[in-house]
Amino acid sequence: MKEPDRAGRRDRILDVAVAALAEYGYRDTTMLEVARRASASKETLYAWFGNKPGLFQAVIERNAEAVRNVVDGHLHGDAPVEAVLTDFGNALAGLLLGESAVAINRAAISEARTAPILARILSESGREATLPVFIRYLERCRSRGVLDFDDPEEAAETFIGLLLGDAQVRRLLGVTTTPTSARLRTRAKLASRKFLLLYGA
């Protein structure tokens, strides 16, 4: 299979896995069901992802990579800080308030006591893979003299708090719908401006 075809096929399987997760929960989602829905063989899924935890780890890593890439492109650039924060915030809020992350987080919470592996994967391949890149960006901004803070991790968490507020909890509870792209952008801009009031040099 050609590489672009393989990548597209892989994305299709991951999308189907998220849909099955949202419908059945982690415990009752099987590799066989995902293979059937994706019109793929079970052997393909096991060859590509190893097992069910590996399948959902791939979903989480794909989500994290999309957000991390936004910051990666600015680690050595000189774009205005507010613009970078807004781009990162827009990508992060779009992910965490979107259907894929909501389905994964709901499943991780519901299975936290009986099957904690999904929660562990979510932490290690999601937050712990994304936040350090953002922290490095903030530290670079401090070294350039455009931000001023004592603890870079605390500053990063402050930005995330300003960005999300209680929106993620409300999405997980199902009392709000997925925000529009315009609403996400507005939320990211507002969080960036508030962050700069706190930490702008």
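It should be emphasised that the depicted structure is a prediction, and the values quoted were computed from it without experimental measurement.

(A) Representation of unusual backbone geometry within the structure. One non-glycine residue with positive phi stands out, namely Ser39, at about 55 degrees. Note that Ser39 resides in the loop between helix H2 (31-37) and helix H3 (42-49).

(B) Layout of a nonpolar patch on the surface. Taken together, the side chains of Val169, Leu173 and Val175 make up a nonpolar region of the molecular surface, amounting to roughly 300 Å² of accessible area. One can find Val175 in the loop between helix H9 (167-173) and helix H10 (181-199). A relative accessible area of 51% means that Val175 is categorised as exposed.

(C) Representation of the environment of Arg106 within the structure. Along the polypeptide, Arg106 turns up in helix H6 (residues 99-110). When the C-alpha atoms of Arg106 and Arg171 are compared, they prove to be 9.8 Å apart, with 65 residues separating the residues in sequence. If near-sequence neighbours (up to four positions away) are discounted, Arg106 is found in contact with Arg171, Leu172, Leu173 and Gly174.

(D) Just the nonpolar core, in detail. Judged by nonpolar contacts, the single largest core of 33 residues is most densely connected at Phe134, Tyr137, Leu138, Leu147, Phe159, Leu163 and Phe195. Those elements that provide at least two residues to this core are helix H4 (52-72), helix H5 (81-96), helix H7 (117-143), helix H8 (152-164) and H10. In terms of residues, this core owes the most to one element, H5, which gives 8 residues. Of all hydrophobic cores here, the second largest spans 27 residues; its members include Ala35, Ala38, Ile60 and Ala108.

(E) The arrangement of H4 in detail. For H4, built from 21 residues, the straight-helix expectation of 30 Å at 1.5 Å per residue is met to within 8% by its first-to-last C-alpha distance of 29 Å. Buried residues of H4: Lys52, Pro53, Gly54, Leu55, Phe56, Ala58, Val59, Ile60, Asn63, Ala64, Val67 and Val71, and no others. Looking at where H4 begins, the residue whose side-chain oxygen comes 2.8 Å from the main-chain nitrogen of Gly54 is Asn51.

(F) Representation of the packing of aromatic side chains in the model. Taken as a whole and judged by the stated rule, the model has 8 aromatic pairs. Both rings, one in Phe149 and one in Tyr199, keep their centres 6.2 Å apart while their planes meet at 85 degrees; by these two values the pair is edge-to-face. Of this pair, Phe149 sits in the loop between H7 and H8 while Tyr199 sits in helix H10; the two residues are 50 residues apart in sequence, bridging distant segments of the chain. Residue classification places Tyr199 among the buried positions, given a relative accessible area of 13%. With centroids separated by 5.6 Å and ring planes inclined at 90 degrees, the aromatic side chains of Phe159 and Phe195 adopt a geometry described as edge-to-face. With Phe159 in helix H8 and Phe195 in helix H10, this residue pair connects regions lying 36 residues apart in the sequence. In this structure Phe159 comes out as buried when scored by relative accessible area, which is 0%. Among the aromatic residues, those joined into a cluster by ring pairs are Phe88, Phe134, Phe149, Phe159, Phe195 and Tyr199.

Parameters at a glance
Residues numbered from 1 in each chain as written. Predicted model: local features only at pLDDT ≥ 70, side-chain atom pairs only at ≥ 80, totals over all residues. Heavy atoms only, no water. Helix = DSSP H or I, 4+ residues; strand = E, 2+ residues; numbered from the N terminus. Patch = residues over 30% accessible without salt bridge, like charges linked within 9 Å, V, L, I, M, F, W, Y side chains within 5 Å. Areas by Shrake-Rupley, 256 points an atom, 1.4 Å probe, with all protein chains shown as cover. Salt bridge = Lys/Arg side-chain N within 4 Å of Asp/Glu carboxyl O. Buried < 20%, exposed > 50% of the residue type's maximum accessible area, 1.4 Å probe, protein only. Contact = heavy atoms within 4.5 Å. Core = buried A, V, L, I, M, F, W, Y, C linked by side-chain atoms within 4.5 Å. Expected span 1.5 Å × (residues − 1). Polar contact = N/O pair within 3.5 Å; in protein donor to acceptor, adjacent residues only side chain to side chain. Phe/Tyr/Trp six-rings, centres within 6.5 Å; stacked < 30°, edge-to-face > 60°.

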